[in-house]
Amino acid sequence: MFDNLTNILDLGIFSDLEKQIMNENKVEFNKQINDFMKTSRAASKLSYCYCCGREIGSFCNSHTVPAFCLRNIAVNGKVSTLNSIIDFPLLNNDKGVAQAGTFQLICRDCDSKIFSDYENPYSYDELPTQKMLAQISLKNNLKFISKRRIEKEFFTCMLEKNNMIQNFTDAKHFVQELDLNEYINAFNKAKKALEKGWNEYYLCYYEKLNYTVPIAFQGCISIAIDFDGSIINDIYNQSSKYILKPIHICIFPFEASSIIMMFIENGDKRYRNFYKTFSKLELSDKLLTLLYIILAYSEDFYISPRIYDVATKNEEVVRISQKGQDIFSLTPYFDPYALLKKQFDLEERKKLPNFLLEEYRMDKE
Ligand SMILES: [Zn+2]
């Protein structure tokens, strides 16, 4: 239900007092946000499948992270989400596997066909194929298209209910529109690659671990800052000519192994230094880097309830999970780059417990 909310509400900017107020008015807040989300979802709903274009009445509840991966980290059918780490009063902490990270944009027929190679654990006996990478890219972009469409309606809705000022809503809409177009282009590219059998992706990292990690993630992230502090993606550049280049990251827990991988579009030079430096790191540090990146940049990862206590009691995990680029994206009063460098400093990974190491493995009694 609240999947798309964390980003909208700029997590982490709330003070203890604000959280207290929200907690005291939890029922009312929840009801209002529920209403907004309901309206936004309804307003963003299409009448056709985004993939095949067929007219449809009901959509598939598509999972971003394959459900079979979530099952491997679930306890009693539940996985935990970001909110369980950052203690946000309004959102639900635990989600059933069926609702975790889903979007409704395509028909059941498409959902069962277009991701079938990469969603099959037996496909990973060998290196992932171009087809699998295109399928992952297709889905990552679909998820963002769905998300941005709903967010756009959410801000319209807030404006209509006088909870937002016009300028702020316009600025948000402008950024969302640019963002949406980039995801649509990347979606079209992936779709074409699948149809034509083109090689469009470069696998910069692939690792098969012989144990089940307690974290599941699939998504694309526009990494802002490199290991040496230089800028990879200028996330403040709002020119329609500047395109953010995301990197796809997968952390897939299997029954007795895990797949960790990272890939980009062919010819994308922006990440060259990043993955060159990355490739020289020790395995444990590579895993730690990826853990830091998903915690700091994304709200869409899943953790096993098995590590819930360790994660939520660790101050650094909580602090790093609260980072969000949205927080200050509309405040031009200071040098955003200095702050950005500080905010996404990869050195900070060293403060995290490395949940991707064998000591946290799921397949251990
Ligand atoms: Zn379809």
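Residues numbered from 1 in each chain as written. Predicted model: local features only at pLDDT ≥ 70, side-chain atom pairs only at ≥ 80, totals over all residues. Heavy atoms only, no water.

1. Description of the coordination of the zinc ion
Ideal values for angles at a metal depend on the geometry: 109.5 degrees with four tetrahedral donors, 90 or 180 degrees with six octahedral donors. With distances of 2.3 Å, the protein atoms coordinating the zinc ion are Cys49 (SG), Cys52 (SG), Cys107 (SG) and Cys110 (SG). Cysteine 110 sits in the buried class, given a relative accessible area of 10%. (Donors = N, O, S within 2.8 Å, 3.2 Å for Na, K, Ca; no water. Buried < 20%, exposed > 50% of the residue type's maximum accessible area, 1.4 Å probe, protein only.)

2. Considerations on the pairing of strand 8 (residues 258-265)
When you tally the buried positions in strand 8, you get 8 out of 8 residues, the bulk of the element. Bridge count between strand 5 (residues 201-209) and strand 8: 8 bridges; the pairing is antiparallel. The partner of tyrosine 202 across the bridge, within strand 8, is isoleucine 264. Relative to strand 8, strand 7 (residues 247-253) runs antiparallel, the two sharing 6 bridges. Bridge assignment links isoleucine 251 to a residue of strand 8, and that residue is isoleucine 260. Hairpin connection from strand 7 to strand 8: 4 residues lie between these consecutive antiparallel strands. (Helix = DSSP H or I, 4+ residues; strand = E, 2+ residues; numbered from the N terminus. Pairing = 2+ DSSP bridges.)

3. What about the pattern of salt bridges?
This structure, assessed with the given rule, holds 17 salt bridges. Its salt-bridge partner being aspartate 179, residue arginine 148 comes within 2.3 Å of it at the nearest N-O pair. Of the two residues, arginine 148 is situated in helix 7 (residues 130-160) and aspartate 179 in helix 8 (residues 166-196); the sequence distance between them amounts to 31 residues. No difference in accessibility class separates arginine 148 from aspartate 179, as the two residues are buried. Residue glutamate 348 pairs with arginine 319 through a salt bridge whose shortest N-O separation is 3.1 Å. Taken together, the residues glutamate 348 in the segment after helix 13 (336-343) and arginine 319 in helix 12 (residues 315-321) connect sequence positions 29 residues apart. Where salt bridges share partners, they join Asp285, Glu347, Arg349 and Lys350 into one cluster. (Salt bridge = Lys/Arg side-chain N within 4 Å of Asp/Glu carboxyl O.)

4. Section: the confidence of the model for the chain
Scored by pLDDT, the chain has a mean of 84; 84% of the residues are at 70 or more. Counting interchain partners and residues more than four positions distant, the pLDDT-below-50 stretch residues 1-13 has 47 contacts. Ignoring residues within four places in sequence, the model shows residues 86-93, a span with pLDDT below 50, making 34 contacts including any to other chains. (pLDDT = per-residue confidence, 0-100. Contact = heavy atoms within 4.5 Å.)

5. Section: helix 9 (residues 272-279)
All buried positions along helix 9 are accounted for by Phe274, Tyr275 and Phe278. Here the buried residues of helix 9 occupy an arc of 85 degrees about the axis, which is enough to place them on one side. Where helix 9 is buried, its residues contact strand 5, strand 7, strand 8 and helix 10 (283-297). (Arc of directions from axis to C-beta.)

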